Structures are given as C-alpha cells and as structure tokens.
Amino acid sequence: MNLTISGHHLDVTPALRGYVTSKLERVTRHYDDMVDIKVILSVEKQKEKQLRQRAECSILVKGSEMFAESAHADLYAAVDELMDKLDRQVVRHKDRVQNHHHEAPKRMM
C-alpha cells in the first residue's frame, strides 16, 4: 500500500501526518487490498473562513477508485469528516465485492 500525504498552501507537519495516518487505520482495517492512497490537505483563500480548510482523499482499490472530500474551519475536523465518508464507502464497496450467493447443496442420485 502506497500512502501519499501532501499539502497545498500548507506545510504538512509530523503531527498532522501522524494524525492522518492514525485515522486512516480505521479505514484500512476493513479492506486489505488497497493499492494506493493519496491524501491532499489544503487551505483555500476564501473571504469566509468557515470552509477554508479542505481534505481530499482518493483510494485505489482492486477494481475501482474511491474519492471523498471535506471542508471545515478546522483542518483536524475536516480530516475526521473525510475519514467518516471514506469508512462508509469502503464498507459499502466491500459488501458489494463479497459473494453473497450460497451454493446449492449437492443432491445424491
């Protein structure tokens, strides 16, 4: 699994990097076949400060790609919202991929 954490108009501190990786453990425990995870943290120049901090993540899984984004006044809260969204997407994807069909019992003739 490749993990890339980058920042736009923002320096990614070791504390912020550690926070994102600890929150990603919640997402990665559901599904083992994650190939690539890219997290982008950014600060946008908006007049209103409510949704300035943004967190985006794209996860490449065998067969599909998942994307989520979140914006909040606090970057840590944006990361929390992002991980909630990704957690729901990964669980839904895992349920779709699993085989829910049971084999019919073999009859003896």
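Up top is the structure.
Sequence order sets the numbering: in each chain, residues are counted from 1 along the sequence as written. Confidence filtering applies because this is a predicted model: local features only for residues at pLDDT of at least 70, side-chain atom pairs given and counted only at 80 or more, and all residues used for totals across whole chains, interfaces and linings. Note that water and hydrogens are dropped before the side-chain values are worked out from all heavy atoms of the structure.

1. Describing helix 2 (residues 75-97)
Thought 1: Here helix 2 spans 33 Å end to end across 23 residues, near enough to the 33 Å set by a 1.5 Å rise per residue.
Thought 2: Type-normalised accessible area, obtained with a 1.4 Å probe on protein chains alone, sets the label of each residue: buried when under 20%, exposed when over 50%, and partly exposed for intermediate values. In DSSP terms, a helix is any run of H or I states spanning at least four residues, a strand is any run of E spanning at least two, and both are numbered starting from the N terminus. For helix 2, the set of buried residues is L75, A78, V79, L82, M83, L86, D87, V90 and H93.
Thought 3: In this description, contact between two residues means that some pair of their heavy atoms is separated by no more than 4.5 Å. On its buried face, helix 2 is in contact with helix 1 (14-28), strand 2 (34-43), strand 3 (53-61) and strand 4 (64-72). Residue count minus one, scaled by 1.5 Å, sets the expected span of a helix.

2. Some words on helix 1
Thought 1: With 15 residues, helix 1 ought to run about 21 Å at 1.5 Å a step, and its terminal C-alpha atoms sit 20 Å apart, in line with that.
Thought 2: Check the buried side of helix 1 and you find it contacts strand 1 (2-8), strand 2, strand 3 and helix 2.

3. Focus: the packing of aromatic side chains
Aromatic rings in a pair are described by how distant their centres are and how their planes are angled relative to each other.
Thought 1: Stacked, edge-to-face and tilted labels apply to pairs of Phe, Tyr and Trp rings (six-membered ring for Trp) whose centres lie within 6.5 Å, assigned for plane angles under 30 degrees, over 60, and everything in between, in that order. Per the stated rule, a full pass over the model turns up one aromatic pair.
Thought 2: A ring pair is formed by Y19 and Y76, whose centres lie 4.8 Å apart and whose planes are at 80°; its orientation type is edge-to-face. With a gap of 57 residues between them, Y19 in helix 1 and Y76 in helix 2 connect regions that are remote in the sequence.
Thought 3: Judged by relative accessible area, Y19 falls into the partly exposed class, the value being 21%.

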